[in-house]
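The chain contents come next:
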Amino acid sequence: MLEVSDLHVSYGSSQVLFGLSLVVHPGEVVVLLGRNGAGKTTTLKSIMGLLEFKVGSVRFRGQELKGLPSHLICRRGLGYVPEDARIFKGLSVRENLEVARRAPRDLQSAAWDEARVFQLFPVLEELLARRADSLSGGQQRMLAIARALMGNSDLMLLDEPSEGLAPLVVAQMLDKLLALKSSGKTVLLSEQNLNFSLRLADRAYLIDKGEIKYESTTEDLRNNEQIRKEYLML
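The sections below set out a description of the structure shown in this document. From a predicted model like this one, the values you see are computed outputs, not experimental measurements.

1. Observations regarding the sheet that holds strand β1 (residues 2-11)
Consideration 1: The strand order β2-β1-β4-β5 describes an open sheet built from four strands, whose pairing is antiparallel. Two strands lie at the open edges of the sheet, namely β2 (14-24) and β5 (63-64), each paired on one side alone.
Consideration 2: As judged from the seven bridges shared by β1 and β2, these two strands associate in the antiparallel manner. Within the sheet, the bridge partner assigned to Ser10 lies in β2 and is Gln15.

2. Brief notes about the packing of aromatic side chains
Consideration 1: For the structure shown, the criterion picks out zero aromatic pairs.
Consideration 2: Over the aromatic face of Trp112 sits the side chain of Arg116, whose NZ or CZ is 3.9 Å from the ring centroid.

3. Brief notes about the nonpolar core
Consideration 1: By size, the foremost hydrophobic cluster in this structure holds 49 residues, and its most contacted members are Ile145, Leu206 and Leu221.
Consideration 2: Top element by residues in this core is helix α6 (residues 137-150). It accounts for eight residues.
Consideration 3: Not counting residues within four places of it along the chain, the set of residues in contact with Ile145 comprises Val81, Phe121, Met156, Leu158, Met173 and Leu177.
Consideration 4: One finds Val4, Phe53, Tyr205 and Ile207 within the second-largest nonpolar core, a separate group that totals 29 residues.

4. Some remarks on helix α7 (residues 167-182)
Note on helix geometry: an α-helix contains 3.6 residues per turn, so any two residues three or four positions apart are oriented the same way.
Consideration 1: Along its 16 residues, α7 runs 23 Å from first to last C-alpha, staying within 8% of the 22 Å computed at 1.5 Å per residue.
Consideration 2: All of the buried residues in α7 are Val170, Met173, Leu174, Leu177 and Leu180. The arc that holds the buried residues of α7, viewed along the axis, is 120 degrees, so those residues lie on one side. Exposed positions of α7 whose direction lies more than 90 degrees from the buried face are Leu168 and Ser182.
Consideration 3: In the stretch just after α7, Gly184 is the one whose phi turns positive, near 95 degrees.

5. Describing empty space enclosed by the protein
Using a probe with the size of a water molecule, rolled over the atoms, empty space left in the structure can be pinpointed.
Consideration 1: On inspection of all chains with the given rule, the structure shows one cavity of 30 Å³ or more.
Consideration 2: Considering only enclosed or pocket space, the largest cavity measures out at about 40 Å³ in volume.

6. Focus on unusual backbone geometry
Consideration 1: At Arg61, a residue that is not glycine, the phi angle is positive and equals roughly 50 degrees.
Consideration 2: One can find Arg61 in the loop between β4 (55-60) and β5.

7. Quick notes on the layout of surface pockets
Consideration 1: The volume enclosed by the largest pocket comes to roughly 690 Å³.
Consideration 2: Considering the residues around the largest pocket, the lining is formed by 27 residues, among which Met48, Cys74, Tyr80, Pro82 and Arg147 are closest to the centre.
Consideration 3: Looking at side-chain class alone, the lining of the largest pocket contains 11 nonpolar, seven polar and nine charged residues.

8. With respect to the sheet that holds strand β6 (residues 78-81)
Consideration 1: Within the open sheet, the six strands sit side by side as β6-β7-β8-β3-β9-β10. Their pairing is mixed. Edge positions in the open sheet fall to β6 and β10 (211-217), since each of these has one partner strand only. Averaged over neighbouring strand pairs, the angle between their axes works out to 15 degrees when direction is ignored.

9. Details of the environment of Ser70
Consideration 1: If you trace the backbone, Ser70 turns up in helix α2 (residues 70-76).
Consideration 2: On a C-alpha basis, the gap between Ser70 and Ile47 in space is 9.1 Å, while along the polypeptide they are 23 residues apart.
Consideration 3: The residues touching Ser70, leaving out its near neighbours within four places in the chain, are Met48, Gly49 and Leu50.

10. As for the pattern of salt bridges
Consideration 1: Going through the model one piece at a time under the given rule, you end up with 14 salt bridges.
Consideration 2: Arg203 is the partner of Glu28 in a salt bridge, and the nearest nitrogen-oxygen pair spans 2.7 Å. Within this pair, whereas Glu28 is found in the loop between β2 and β3 (29-33), its partner Arg203 is found in strand β9 (residues 203-208), the two being separated by 175 residues in sequence. The pair formed by Glu28 and Arg203 is uniform in burial state, with each residue classed as buried.
Consideration 3: In this structure, Glu64 and Arg59 form a salt bridge, with 3.9 Å as the shortest nitrogen-oxygen distance.
Consideration 4: Judged by its relative accessible area of 29%, Glu64 is partly exposed.
Consideration 5: On the basis of relative accessibility, which here comes to 33%, the residue Arg59 falls in the partly exposed class.
Consideration 6: Via salt bridges that share partners, Glu28, Arg203 and Glu215 belong to a single interconnected network.

What counts, and at which threshold
Residues numbered from 1 in each chain as written. Predicted model: local features only at pLDDT ≥ 70, side-chain atom pairs only at ≥ 80, totals over all residues. Heavy atoms only, no water. Pairing = 2+ DSSP bridges. Helix = DSSP H or I, 4+ residues; strand = E, 2+ residues; numbered from the N terminus. Phe/Tyr/Trp six-rings, centres within 6.5 Å; stacked < 30°, edge-to-face > 60°. Lys NZ or Arg CZ within 6 Å of the ring centre and 35° of its normal. Core = buried A, V, L, I, M, F, W, Y, C linked by side-chain atoms within 4.5 Å. Buried < 20%, exposed > 50% of the residue type's maximum accessible area, 1.4 Å probe, protein only. Contact = heavy atoms within 4.5 Å. Expected span 1.5 Å × (residues − 1). Arc of directions from axis to C-beta. 1 Å grid on protein atoms, 1.4 Å probe; cavity = no way out; pocket = protein on both sides within 12 Å on 5 of 7 lines; lining within 4 Å. Points joined across faces, edges and corners; volume = space filled by probe spheres on them. Nonpolar A, V, L, I, M, F, W, Y, C, P; charged D, E, K, R; others polar. Axes fitted to C-alpha atoms, helices over the stretch in contact; angles between N-to-C directions. Salt bridge = Lys/Arg side-chain N within 4 Å of Asp/Glu carboxyl O.

This is the structure we're talking about:
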């Protein structure tokens, strides 16, 4: 579904990504794992067209995305949930969901609408009339994911969904994302929470200083203590 090849990205004169490559197949949950500053967010922003790159390729369903603005990439079938949620804080929960509504590109597939979103996040149904800025951090993160689902994307990019959440809320978020995985949703997420990632993802890419250092199934990564210590432990 997604193929990133030889991606080089810079912020001004500072290069951040060095020849990064990865693939995501339909129905997979793939995690990009690494410490803070490793290049995870830069990778997702580059895929989504939020950062320009001159070297490399991003292909979605065989079509090149390089050079396309973000709104056209979204229309191709990619959804993006940034780490800071970026919900519309002056709008209600209902309005946040409504503004993102799009019909699925494949009319044969089950659409994500309010009823289906509320099955995944029942707390949002109870908060429909509330302004988004009155929600807790965990509720705002759930709203951001729900809003992306209302766009009926084929592939969702999730940037550090567990970051900054209390342990109980992280456990709740994991349960919700496991349910989303069971629905067949294809997801590429960035994370530094190893346990969270091992329970959720099918495959993992370890990124360090802008380069992919290791690729495996999460089961293989779970059994490779040396790699975990080298690239993930502080």
